[in-house]
Amino acid sequence: MGNVIAVVNHKGGVGKTTTAINLAAGLTRYSDVTSSCLIIDMDPHGCATSTLLGKLDGEPPARSVFDVLRRAITPQDGIASTIYDENIDLLPASPSLESMAKTQITDRLAKVVQALSTSYGWIIIDTPPDLGVLTQNALVAADYALIPTPCTGLAIPTLHQMKQLIERVQERQNIWLQLMGVLVTMKDGRTPLQKNMKKELGNVFGPNDVFRTIITTNIKIEEAPAASQSIYAYDSGCLGASLYRDWIKKEFLKKHQKLEKRKVEMREHMELTREAAAEEG
Ligand SMILES: Nc1ncnc2c1ncn2[C@@H]1O[C@H](COP(=O)(O)OP(=O)(O)OP(=O)(O)O)[C@@H](O)[C@H]1O
Ligand SMILES: [Mg+2]
């Protein structure tokens, strides 16, 4: 089963970390798959790491995903427990990940994920706001790419580059990578979503690749990380919690099921083609 999700967008401040954390927490609560979840923080700034460990002073953790990637420690030894209410573990980020970003190594995280995949129901990878080596590692390691984005005229054109990177990784390094979808985030609840913007978003990817749910701006979503809580633990009745919950239950999990089925069909097709070629040869 493919349960590794890379949360990507090279534009900064679009809700990647917020979505990664609330997706992970939501999956432990609402998915039938084993409820444990691992978050891998590939952003040297370590925002997910700070909130999940409750260390908002910015002090880097003693062991990080960088130590695992440079093979100084085993993947298992890099894992930290989080202080969140949900069953979420963490491979923490550290500023030294910046030095990995200067290399050409793009397949190292995939091996780490492979070693950990049987221990968790889901693995969510948070990424930095660029198209560089750290984001590429996440896409090579992932089964699915999830793209949070505001639906604005400035944000949409940059998504072409994100799409190109995903396609390049699919062609060269990870044929099983699929787009989970585009999630519109941080929409000002007071202004209506411009129809042409949503259409434009659908033109970059495909109309079926844009989730119907729209995550509006909500003060509780912004406050929850400072309390080191998911949105569901912080205020389960608030608008932000119900938006993320509905998205996971009504869209994300269904889309995941559909794409998993497609992957099985692709594998069977490839197997049959290989057998036919072998018989002919
Ligand atoms: N729906 C929302 N409503 C209100 N605030 C939000 C919402 N989503 C995210 N935020 C806030 O916006 C800021 C940016 O969000 P976040 O850190 O998730 O973005 P990011 O894409 O991970 O940023 P970066 O690219 O810098 O890593 C944070 O302060 C976060 O709390
Ligand atoms: Mg972030």
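The present account deals with the structure reproduced in this document. Computed from a predicted model, the values in this text were never measured in an experiment.

Quick notes on the packing of helix α7 (residues 133–141) against helix α8 (residues 155–172)
Any two packed helices are characterised by the angle at which their axes cross and by the distance between the axes.
Right, on to step 1. Relative orientation of the contacting elements α7 and α8 amounts to 50°, with a least axis distance of 10 Å. In terms of their interaxial angle, α7 and α8 are classed as oblique. Crossing handedness for the pair α7 and α8: right-handed. When α7 is examined against α8, the residues Gln 136, Leu 139 and Val 140 are found in contact with a partner set consisting of Leu 165, Ile 166 and Val 169.
Right, on to step 2. Its residues assigned to classes, the contact of α7 with α8 shows five nonpolar, one polar and no charged.

Let's talk about the site of ligand 1
Right, on to step 1. Around ligand 1, the surrounding shell holds 18 residues, and the nearest of these are Gly 12, Lys 16, Thr 17, Thr 18 and Pro 129.
Right, on to step 2. Of all the secondary-structure elements, those providing two or more residues to the shell around ligand 1 are α1 (16–30), β7 (178–187) and α10 (219–223).
Right, on to step 3. With three residues, the top contributor of residues to the shell around ligand 1 is α1.
Right, on to step 4. Grouping the constituent residues of the shell around ligand 1 by class yields seven nonpolar, eight polar and three charged.

Describing the sheet that holds strand β8 (residues 210–216)
Right, on to step 1. In space, the eight strands of this open sheet follow the order β3-β4-β2-β5-β1-β6-β7-β8, with mixed pairing throughout. The sheet is open, and its two borders are formed by β3 (80–81) and β8, each paired with just one other strand.
Right, on to step 2. Strand direction decides the pairing type here: strand β6 (residues 144–149) and β7, joined by six bridges, are parallel. Looking at β7, one finds that Pro 148 is bridged to Leu 183.
Right, on to step 3. Each of β1 (4–7), β2 (37–41), β4 (88–91), β5 (122–126), β6 and β7 is contacted by α1, which is oriented at about 170° to β5, the strand it contacts most.
Right, on to step 4. Each of β1, β5 and β6 touches α7; the most contacted strand, β1, lies at about 155° to it.

Remarks on the environment of Asp 77
Right, on to step 1. Along the chain, Asp 77 turns up in helix α4 (residues 75–78).
Right, on to step 2. For the pair Asp 77 and Asp 67, spaced ten residues apart in sequence, the C-alpha to C-alpha distance is 9.5 Å.

Quick word on the environment of Lys 111
Right, on to step 1. Considering the arrangement of structural elements, one finds Lys 111 in helix α6 (residues 108–116).
Right, on to step 2. Its 15 C-beta neighbours within 10 Å are what place Lys 111 among the partly exposed residues.
Right, on to step 3. Along the backbone, Lys 111 and Lys 198 are 87 residues apart, and their C-alpha atoms lie at a distance of 37 Å.

Overview of helix α12 (residues 239–280)
Because the α-helix completes a turn every 3.6 residues, residues three or four places apart line up on one side.
Right, on to step 1. The terminal C-alpha atoms of α12, which comprises 42 residues, lie 60 Å apart, in line with the 62 Å expected from a rise of 1.5 Å per residue.
Right, on to step 2. The largest bend along α12 reaches roughly 40° and is located at Ile 248.
Right, on to step 3. All of the buried residues along α12 are Gly 240, Ala 241, Tyr 244, Trp 247, Ile 248, Phe 252 and His 256.
Right, on to step 4. Next to the buried residues of α12 lie α1, β7, β8, α10 and α11 (231–234).

Regarding the packing of α1 against α12
Right, on to step 1. Where α1 meets α12, the axes come as close as 10 Å, and the angle between the chain directions of the two elements is 60°. Our classification of the angle between α1 and α12 gives oblique. The element α1 and its partner α12 pack so that their crossing is right-handed. Each of Asn 22, Leu 23, Gly 26, Leu 27 and Tyr 30 in α1 lies in contact with α12, whose residues at this interface are Tyr 244, Arg 245, Ile 248 and Lys 249.
Right, on to step 2. Within the contact of α1 with α12, the residues separate by chemical class into five nonpolar, two polar and two charged.

Topic: unusual backbone geometry
Right, on to step 1. Phi at Met 186 is positive, roughly 55°, even though this residue is not glycine.
Right, on to step 2. Counting through the fold element by element, Met 186 comes out in strand β7.
Right, on to step 3. Of the residues examined, Met 186 has 21 C-beta atoms within 10 Å and is grouped as buried.
Right, on to step 4. Even without glycine at this site, Ser 228 takes up a positive phi of about 50°.

Parameters at a glance
- Residues numbered from 1 in each chain as written.
- Chains lettered and ligands numbered in written order.
- Predicted model: local features only at pLDDT ≥ 70, side-chain atom pairs only at ≥ 80, totals over all residues.
- Axes fitted to C-alpha atoms, helices over the stretch in contact; angles between N-to-C directions.
- Helix = DSSP H or I, 4+ residues; strand = E, 2+ residues; numbered from the N terminus.
- Parallel < 35°, antiparallel > 145°, perpendicular 65-115°, else oblique.
- Left-handed = near helix turned anticlockwise from the far one by under 90°.
- Contact = placed C-beta atoms within 7 Å.
- Nonpolar A, V, L, I, M, F, W, Y, C, P; charged D, E, K, R; others polar.
- Near = placed C-beta within 6 Å.
- Pairing = 2+ DSSP bridges.
- Buried ≥ 20, exposed ≤ 12 C-beta atoms within 10 Å, placed from the backbone.
- Expected span 1.5 Å × (residues − 1).
- Bend = angle between axes of the 7 residues up to and from the residue.

Honestly, it's all geometry; don't read function into it.
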